[in-house]
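Report on the structure
If you want the building blocks of each chain, they are given just below.
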There are 2 protein chains.
Amino acid sequence: MTVRVLLADDEHLIRGALAALLGLEDDLVVVAEAATGPEALAMARAHRPDVAVLDLEMPGADGVKVATALRGELPACRVMIVTGHGRPGHLKRALSAGVRGFVPKTVSAQRLAEIIRTVHAGNRYVDPELAADAIAAGDSPLTAREAEVLEFAADGAPVAEIAERAALSQGTVRNYLSSAVSKLGAENRHSAVRLARERGWV
Amino acid sequence: MTVRVLLADDEHLIRGALAALLGLEDDLVVVAEAATGPEALAMARAHRPDVAVLDLEMPGADGVKVATALRGELPACRVMIVTGHGRPGHLKRALSAGVRGFVPKTVSAQRLAEIIRTVHAGNRYVDPELAADAIAAGDSPLTAREAEVLEFAADGAPVAEIAERAALSQGTVRNYLSSAVSKLGAENRHSAVRLARERGWV
DNA sequence: CGGACCGCATGACAAATGTCAGAGCGGGGC
DNA sequence: GCCCCGCTCTGACATTTGTCATGCGGTCCG
């Protein structure tokens, strides 16, 4: 019995190399490749793979978004995510999007092939180190508004602009930022943004 | 005649896959692999490859640093850099470090093999799109100190801390930041940091 | 029903940051 | 030798920010 695999990664070098290596396994066959989020979705619809292996960072729509869409459209298709730099929050988001496997790109191709089989068999697999990080990072202490405001603050915009984009008063924005900063133990909102990013909370 | 290649990339998945694919070309042989900057250097010393293919982002020492060291120690070894997200400034730094090839990871393995041959033959190769970006971005308008201070400011540290780390007075730090901000056309130092990062100027 | 509590908002105040003018020093080019 | 430029600093000022006390409208629960 062979497993039909969809491969999505914007780095051609990796995608191609991976396709070649996975193709060597005689129980795996790569039926489609994609370089962007939307392309991955289209390919999945067209080829109905058993397992979709998605890169987390892709142009168009990230791996988690694609996973969410796939869950609705092709419930039989197991989704797993491969990522370069796994942030704890991403893992959480991925799991709640129904992703069955989550591995860093530091694993070997053999290992990846095994994990594809594991996932195809209906089991889950999460890289132990990433799982530990996620547990250590815990849940986001931020309220929805705080996270939203922090996101608007991400590119260094001044408070006035954040307030406008969030349709809040400037004072309110500063309060949210202030409480976010203290919850995260940061020195100011910019390092707060950085911290929240690292933990995957924004 | 075969080309002896050193492969350095911290993502095992990619490195392994690449090694396998390049190994298929009968004029290329991968003689060593490394996952970190220092390891790449050690491997190069031990195996004296004809061409070193380095990832730009690696733990320990980035590709450009390794290239600089290699240039001194093994002048006969041609160095090329492969990167996921090529920032204009990186290309510039790489070229002045004596790198002969600079390609994004979006190329195919075939293409990479060709480029390895090109580089081995003594020619240079730079991805056209990255080259265009680099030309468009131009030279950094920042003075050495401005860039240094901007780097210290990168993680959102307050002025006092930057001043201490740079061994400057706070007023001076603010002046440098101010001039960097105006040179970059940013709204504040945080977006200045972001801009300088994007252009590869820090 | 009434109180406790939470998210959200406001305004006032304190601290940090951005901006500007000026000034001494040293190196490199003409 | 002289001038220009970059480096460093100072002091003063406007603006932006962070912090806090407080108020208002909900929901949950006894």
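Up top you'll find the structure we're talking about.
The model shown is predicted, which means the values in this text are computed figures rather than measured ones. (Residues numbered from 1 in each chain as written. Chains lettered and ligands numbered in written order. Predicted model: local features only at pLDDT ≥ 70, side-chain atom pairs only at ≥ 80, totals over all residues. Heavy atoms only, no water.)

1. Quick notes on the relation of the copies chain B and chain A
Rotating chain B by 180° and moving it 0.1 Å along the rotation axis overlays it on chain A with an RMSD of 0.3 Å. The symmetry that links the two subunits is that of a two-fold axis. Taken together, the interface assignments show that 100% of the residues at the interface of chain B recur at the interface of chain A, consistent with an identical surface on both copies. (Least-squares fit on C-alpha atoms with pLDDT ≥ 70 in both. Contact = heavy atoms within 4.5 Å.)

2. Digging into the protein's contact with DNA strand D
Inspection of the region around DNA strand D gives 17 residues, with Arg 174, Asn 175 and Arg 189 of chain A together with Arg 145 and Tyr 176 of chain B positioned closest. Close to the protein, within 4 Å, the atoms of DNA strand D belong to sugar or phosphate groups at a rate of 52%. Between a phosphate oxygen of DNA strand D and a main-chain N or O atom of Ser 169 of chain B, the distance comes to 2.9 Å. Broken down by secondary-structure element, the contributors of at least two residues to the surface near DNA strand D are helix H9 (170–184) of chain A together with helix H7 (144–152) and helix H9 (170–184) of chain B. No other element matches H9 of chain B, which puts 5 residues into the surface near DNA strand D. Of the residues in the surface near DNA strand D, the class split is 5 nonpolar, 8 polar and 4 charged. (Near = heavy atom within 4 Å. Polar contact = N/O pair within 3.5 Å; in protein donor to acceptor, adjacent residues only side chain to side chain. Helix = DSSP H or I, 4+ residues; strand = E, 2+ residues; numbered from the N terminus. Nonpolar A, V, L, I, M, F, W, Y, C, P; charged D, E, K, R; others polar.)

3. Details of the side chain of Asn 188 of chain A
With respect to the helices and strands, the residue Asn 188 of chain A is situated in the loop between H9 and helix H10 (189–199). Within the structure, Asn 188 of chain A has its side chain in polar contact with the backbone nitrogen of Ser 191 of chain A (distance 3.0 Å).

Fair warning: the whole summary comes from geometry, so function is off the table for now.
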